Amino acid sequence: MKLPIYMDNHSTTPCDPRVVEAMLPYFTEKFGNSASRNHSFGWEAEEGVDRARKQIAKLINADSKEIVFTSGATESDNLALKGVFEMYREKGDHIITSSTEHRAVLDPLKSLEKKGANVTYLSVDKLGMVNPEDVRNAITDKTILISIMLANNEIGTINPIKEIGKIAKEKGVLFHCDATQGVGKIPVDVQDMGIDLMSFSAHKIYGPKGIGALYVRRKAPRVRLVPMIDGGGHERGMRSGTLPVPLIVGFGKAVELCEQEMAEETIRIKALRDRLQEGITSAMEEVYLNGHPTERLPGNLNISFAYVEGEALLMGVKEIALSSGSACTSATLEPSYVLRALGVGSDLAHSSIRFGIGRFTTAEEVEYTIDRMAKAVNHLREMSPLYEMAKEGIDLTTVQWAAH
Ligand SMILES: *Cc1c(COP(=O)(O)O)cnc(C)c1O
């Protein structure tokens, strides 16, 4: 087994070697501009783009004309939210979203609020799920867009997208879904789920960084967007700029591999995740699962290790790449807003670790991780006065701490 171990597959994934192989000719021999209509270099590049567009459309049950290439899911989210708001603001100014969305959705919405948007942030239940009835109840005659993510990037909880899509249709409101963590890992069907706009990205599914897509529905209803980038009118005018052909070809190949291998891969990754969870929970006490026990991404495990600081724990297992539930914002260590939205207390939020199992994770790496986590957690707890007091049966919530 080689160190360090990569177990942070929600942040990004390595490119599959088969993806790299598919991309290589498009850097050299097939370097043409896919918009060059007058020669074979252009045609060759265009063929590569067309093939990728079809592969991607097929995976999500869309038409290839409905795929708009972007630089990644952050841009797709921005284009969907800002593009819809600008196009439909005469009709209304109200947007519904949830408090556990990715920053790529929350930050553009914050900026739209400054431009007059009225945004409702729905809360989630303690497992991280949006209640479709809350979406229904939030809709007003001014609502132009609902934006709810498919699967959460921290806790892996999968939202009831089909139910939300149905409500959006019934009420005639556009529905955007940030499906970046779900596409390629769980079945996604934009028709069946009633999705009108959907963001996703290649680098979360073993494709290259710097390429993503926005699905934009063309009929029933035909969604219109004000573009953020004007130029040569590429991508049906919604996103101008010369297409990065090698990245697009790689994205297409990555999607094709996901489609072919999803059924088998899900079983294998889920078994590794379940073993990791079982190994951790049987090796130590006072560990708590964050997120949904069943409705969650197959490769996701988010656990709070009570009485241990997540950041300290990560320092103790430096040879394993993981994420903690705290984000370093300027000077302070903020606990994850996603965990706080579930009602997880500040202490347990600070003690959370996200494990992301992926295509290249091995059983040996999982066993090593269980063993190292148990040792690191025990070591930190041995040094923790709080843990000692808790072990002695003192209820820490009743302790009167001396004021400074
Ligand atoms: C990673 C991620 C993004 C951002 O994607 P990029 O392609 O890196 O811009 C957006 N939303 C979710 C849910 C993600 O996991």
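Whatever comes next refers back to the structure up there.
As the structure is a prediction and not an experimental result, all values here were calculated from the model.

Conventions we followed
Residues numbered from 1 in each chain as written. Predicted model: local features only at pLDDT ≥ 70, side-chain atom pairs only at ≥ 80, totals over all residues. Heavy atoms only, no water. Pairing = 2+ DSSP bridges. Helix = DSSP H or I, 4+ residues; strand = E, 2+ residues; numbered from the N terminus. Contact = heavy atoms within 4.5 Å. Axes fitted to C-alpha atoms, helices over the stretch in contact; angles between N-to-C directions. Near = heavy atom within 4 Å. Polar contact = N/O pair within 3.5 Å; in protein donor to acceptor, adjacent residues only side chain to side chain. Areas by Shrake-Rupley, 256 points an atom, 1.4 Å probe, with all protein chains shown as cover. Nonpolar A, V, L, I, M, F, W, Y, C, P; charged D, E, K, R; others polar. Core = buried A, V, L, I, M, F, W, Y, C linked by side-chain atoms within 4.5 Å. Buried < 20%, exposed > 50% of the residue type's maximum accessible area, 1.4 Å probe, protein only. Domains from an automatic or database assignment. Salt bridge = Lys/Arg side-chain N within 4 Å of Asp/Glu carboxyl O.

Engineer: Give a detailed account of the sheet that holds strand E10 (residues 300-305), specifying residues and quantitative values.
Structural biologist: Taken in spatial order, the four strands of this open sheet run E9-E10-E15-E12, and their pairing is antiparallel. Both outer strands of the open sheet, strand E9 (287-289) and strand E12 (323-324), are each paired with one neighbouring strand and no more. Summarising the sheet, E9 and E10 pair through three bridges and their orientation is antiparallel. If you follow Leu-289 over to E10, its bridge partner there is Ile-303. Together, E9, E10 and strand E15 (352-356) form the strand contacts of helix H7 (residues 245-283), whose direction differs from that of E10 by roughly 10°.

Engineer: Help me get a handle on the site of the ligand, residues and values and all.
Structural biologist: As a matter of local geometry, the ligand sits amid Gly-72, Ala-73, Thr-74, His-102, Met-149, Asn-153, Asp-178, Thr-180, Gln-181, Ser-201, His-203 and Lys-204. Between an oxygen atom of the ligand and a main-chain N or O atom of Ala-73, the distance comes to 2.9 Å. One nitrogen or oxygen atom from the side chain of Ser-201 is found 2.6 Å from an oxygen atom belonging to the ligand. Its free accessible area being 380 Å², the ligand has 88% of it covered by the protein chains. Looking at side-chain class alone, the shell around the ligand contains two nonpolar, eight polar and two charged residues.

Engineer: Please provide a residue-by-residue account of the nonpolar core, values included.
Structural biologist: Across soluble globular proteins, you tend to see nonpolar side chains buried next to one another. Grouped together as the largest cluster of nonpolar side chains are 64 residues, with contacts concentrated most on Ile-60, Ile-146, Met-198 and Phe-251. Top contributing element to this core by residue count: H7, with ten residues. Three or more residues apiece are contributed to this core by two domains, here domain 1 (5-10 + 262-393) and domain 2 (17-257). Excluding its chain neighbours within four sequence positions, the residues that come into contact with Met-198 are Ile-60, His-176, Cys-177, Ala-179, Val-183, Val-188, Val-190, Ala-213, Leu-214 and Tyr-215. Judged by nonpolar contacts, the second largest core, of 27 residues, contains Met-7, Ile-269, Leu-276 and Ile-353.

Engineer: Go over the pattern of salt bridges, please, and point to the residues and values.
Structural biologist: Overall, the coordinates contain 26 salt bridges when judged by the stated rule. Across the pair Arg-18 and Glu-261 runs a salt bridge, and its minimum N-O distance is 2.8 Å. One end of the pair, Arg-18, is in helix H1 (residues 17-23); the other, Glu-261, is in helix H7, with 243 residues separating them in the sequence. Assessed through its relative accessible area of 34%, Arg-18 is described here as partly exposed. When its relative accessible area of 18% is taken as the criterion, Glu-261 is described as buried. Residue Lys-110 is joined to Glu-113 by a salt bridge in which the shortest nitrogen-to-oxygen separation is 3.6 Å. Placement of the pair is Lys-110 and Glu-113 together in helix H4 (residues 103-114), with a separation of three residues, close to one helical turn. When its relative accessible area of 29% is taken as the criterion, Glu-113 is described as partly exposed. Here the salt bridges share partners, and the residues they tie into one network are Asp-16, Arg-18, Glu-261, Glu-264, Glu-265, Arg-268 and Arg-359.

As far as function goes, none of this settles anything; it's purely spatial.
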